Amino acid sequence: MKKVAIFFADGFEEIEALTVVDVLRRAKMEVTLVSMKGIKEVYGAHKIAVVTERFFDDINYEAIDMLVLPGGMPGTSRLAESKPLQKLIKKFNDNGKCIAAICAAPSILGTLGLLDGKNAVCYPGYEDKLRGATIVDAGAVIDGNIVTGRSMGSAVEFALAIVERLESKELADSIAKSIVF
């Protein structure tokens, strides 16, 4: 069973984060909602409270197959400011492990220099932060170990791309059909 950690900081985009949780759990993946602060209740950009399951320092990341960074503001900025998260993202990339980011969050990958030579997508207006990437016109893009998504409107497509990258296109297509996508 694939294991995925999704990071929640106050100001995350609710649809981007929770759509991924829902779709990945439909794919029978083990998804952990990770709080980036000292309490489990995290508030989205639209003041929707989500109760996470674990704290950042309480996870064995060696057992995790993918890190997911939802967008939203100021959630993306809060994720970007976390030195431990930056270190973890770099380690995952160095080891060829999977990382996914949507909306403004691909800017974190660009700032860390992880998008050099890769196709990527992000929220319109953040393209200049995707240092080294080739910006494509798509809702979601898989390029090697990196999955990027454009915005809240492409959250389902982004989540299905994660399923495709971690499991198979057949499973992603099956889930898409079951949710009438």
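Residues numbered from 1 in each chain as written. Predicted model: local features only at pLDDT ≥ 70, side-chain atom pairs only at ≥ 80, totals over all residues. Heavy atoms only, no water.

Participant: Give a detailed account of the nonpolar core, specifying residues and quantitative values.
Facilitator: In terms of nonpolar packing, the biggest core is built from 33 residues, with Phe 8, Met 66, Val 68, Phe 158 and Ile 162 touching the most fellow members. Counting residues per element, the ones that place at least two in this core are strand E1 (3-8), helix H1 (14-26), strand E2 (30-35), strand E6 (66-69), strand E7 (98-102), helix H5 (155-166) and helix H6 (169-178). Among the elements that line this core, the one with the most residues is H5, at seven residues. Once residues within four sequence positions are removed from consideration, Phe 158 is found in contact with Val 20, Val 68, Ala 100, Ala 101, Ile 102, Ala 140, Val 147, Thr 148 and Gly 149. In terms of nonpolar packing, the next biggest core, distinct from the first, is built from 30 residues, Ile 89, Ala 105, Leu 112 and Ala 133 among them. (Core = buried A, V, L, I, M, F, W, Y, C linked by side-chain atoms within 4.5 Å. Buried < 20%, exposed > 50% of the residue type's maximum accessible area, 1.4 Å probe, protein only. Helix = DSSP H or I, 4+ residues; strand = E, 2+ residues; numbered from the N terminus. Contact = heavy atoms within 4.5 Å.)

Participant: Can you explain the packing of H5 against H6? Please cite residues and give values.
Facilitator: Contact pair H5 / H6: the axes reach a minimum separation of 7 Å and the direction vectors enclose 150°. When the axis of H5 is compared with that of H6, the two are roughly antiparallel. Contacts between H5 and H6 pair Leu 160, Val 163 and Glu 164 from the former with Lys 169, Leu 171, Ala 172, Ile 175 and Ala 176 from the latter. (Axes fitted to C-alpha atoms, helices over the stretch in contact; angles between N-to-C directions. Parallel < 35°, antiparallel > 145°, perpendicular 65-115°, else oblique.)

Participant: Could you give an account of the environment of Arg 78, with specific residues and numbers?
Facilitator: The topology assignment puts Arg 78 in helix H2 (residues 75-81). Residue Arg 78 is classed as partly exposed on the basis of its relative accessible area of 42%. For Arg 78 and His 46, which are 32 residues apart along the polypeptide, the C-alpha to C-alpha distance reads 16 Å. Not counting residues within four places of it along the chain, the set of residues in contact with Arg 78 comprises Ala 9, Asp 10 and Gly 11.

Participant: I'd like a description of the pairing of E7, backed by residues and values.
Facilitator: Counting buried residues along E7, five of its five residues qualify, which places the element largely inside the surrounding structure. Side-chain alternation along E7 places Cys 98, Ala 100 and Ile 102 on one buried face and Ile 99 and Ala 101 on a second face that is also buried. Pairing of E6 with E7, which is carried by four bridges, proceeds in the parallel orientation. Looking at E7, one finds that Leu 67 is bridged to Ile 99. As paired strands, E7 and strand E11 (residues 146-149) are joined by four bridges and run parallel to one another. Note on E11: the bridge partner recorded for Ala 101 is Thr 148. (Pairing = 2+ DSSP bridges.)

Participant: How would you explain the sheet that holds E2 if you had to name every residue and give the values?
Facilitator: Ordered in space as E5-E2-E1-E6-E7-E11-E10, the seven strands form an open sheet in which the pairing is mixed. For this open sheet the edge positions go to strand E5 (54-55) and strand E10 (140-143), each flanked by a neighbour on one side alone. Set on the sheet, H5 makes contact with E1, E6, E7, E10 and E11; between it and E7 the angle comes to about 175°.

Just distances and angles here, no functional claims.
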